[in-house]
Amino acid sequence: MDHWETADGVVELPDGRRVRGTGLRRPRGDVPLPDLAVYLQGRDPEFADREYRWVRWRDFRLPDSTEEALAALREAHVRAESERVEIACGGGVGRTGTALSVLAIMSGVAPDDAVAWVRAHYHRRAVETRAQRRWIAEVAASARA
């Protein structure tokens, strides 16, 4: 049974798209594989069983390339309209929450409200550092374009 809609970490964005946030260190259980995953890791996770985009993004830091991160998140946002999309880092909180904040902005959340929105709808500690909050504000204009 494909229970993606009710799987742990699935967030419905304001525009109706659904995205699953998770941590790669969390057990997957019987959650179906995504059609597209965006993995925010220091190293390529090298999964052979799924389509994914790897964004080099070390723990507690910012992505090495804002351009690559935004391209992967734009693709995730578009594909989430009709496909299962997953966003994940190691623990599923800081980097994942930061990426979900950008997706929330793409979906219509005001940039100043994005972190609070993700904390209310995904994880209460999402977006762990001041630098991550600043990065969300810096990319907000590009995310809305």
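In short, a report on the structure. (Residues numbered from 1 in each chain as written. Predicted model: local features only at pLDDT ≥ 70, side-chain atom pairs only at ≥ 80, totals over all residues. Heavy atoms only, no water.)

Most of strand β2 (residues 18–23) is tucked away, with five of its six residues classed as buried. Inspection of the sheet shows strand β1 (residues 10–12) paired to β2 by three bridges, in the antiparallel sense. Each residue of the ladder has a partner; that of Val-11, found in β2, is Val-19. The turn joining β1 and β2, which pair antiparallel and follow one another in sequence, is formed by five residues; a positive phi near 95 degrees is taken by Gly-16. As paired strands, β2 and strand β5 (residues 85–89) are joined by four bridges and run parallel to one another. The residue of β5 that forms the bridge with Arg-20 is Glu-86. (Buried < 20%, exposed > 50% of the residue type's maximum accessible area, 1.4 Å probe, protein only. Helix = DSSP H or I, 4+ residues; strand = E, 2+ residues; numbered from the N terminus. Pairing = 2+ DSSP bridges.)

With that settled, consider the pattern of salt bridges. Inspection of every chain in the model, using the stated rule, returns 15 salt bridges. Glu-86 serves as the salt-bridge partner of Arg-20, at 2.7 Å between the closest nitrogen and oxygen. Highlighted residues: Arg-20 in strand β2 and Glu-86 in strand β5, separated in sequence by 66 residues. Judged by its relative accessible area of 3%, Arg-20 falls in the buried class. One salt-bridge network, in which partners are shared between bridges, spans Glu-51, Arg-53, Glu-75, Arg-79 and Glu-83. (Salt bridge = Lys/Arg side-chain N within 4 Å of Asp/Glu carboxyl O.)

Attention shifts here to the sheet that holds strand β3 (residues 36–41). Spatially, β1-β2-β5-β3-β4 is the arrangement adopted by the five strands of the open sheet, whose pairing is mixed. Two strands in the sheet have a free side with no partner beyond their single neighbour: β1 and β4 (52–56). Within this sheet the neighbouring strands show an average axis-to-axis angle of 20 degrees, counted without direction. The sheet strands contacting helix α2 (residues 94–106) are β2, β3 and β5, and the helix crosses β5 at an angle near 140 degrees. (Axes fitted to C-alpha atoms, helices over the stretch in contact; angles between N-to-C directions. Contact = heavy atoms within 4.5 Å.)

Looking now at a positive patch on the surface. Where like charges cluster on the molecular surface, the positive patch consists of Arg-119, Arg-130, Arg-133 and Arg-134. Considering every element that reaches the positive patch, the biggest residue donor is helix α4 (residues 130–144), with three residues. When you line up the elements, Arg-119 lands in helix α3 (residues 114–121). A relative accessible area of 31% means that Arg-119 is categorised as partly exposed. (Patch = residues over 30% accessible without salt bridge, like charges linked within 9 Å, V, L, I, M, F, W, Y side chains within 5 Å. Areas by Shrake-Rupley, 256 points an atom, 1.4 Å probe, with all protein chains shown as cover. Lys, Arg positive; Asp, Glu negative; His and termini not counted. Charge placed at Lys NZ, Arg CZ, Asp CG, Glu CD.)

Now for the side chain of Thr-22. Mapped onto the elements of the fold, Thr-22 is located in strand β2. Residues contacting Thr-22, with those up to four places away along its chain left out, are Glu-86, Ile-87, Ala-88, Cys-89, Gly-92, Thr-96 and Tyr-122.

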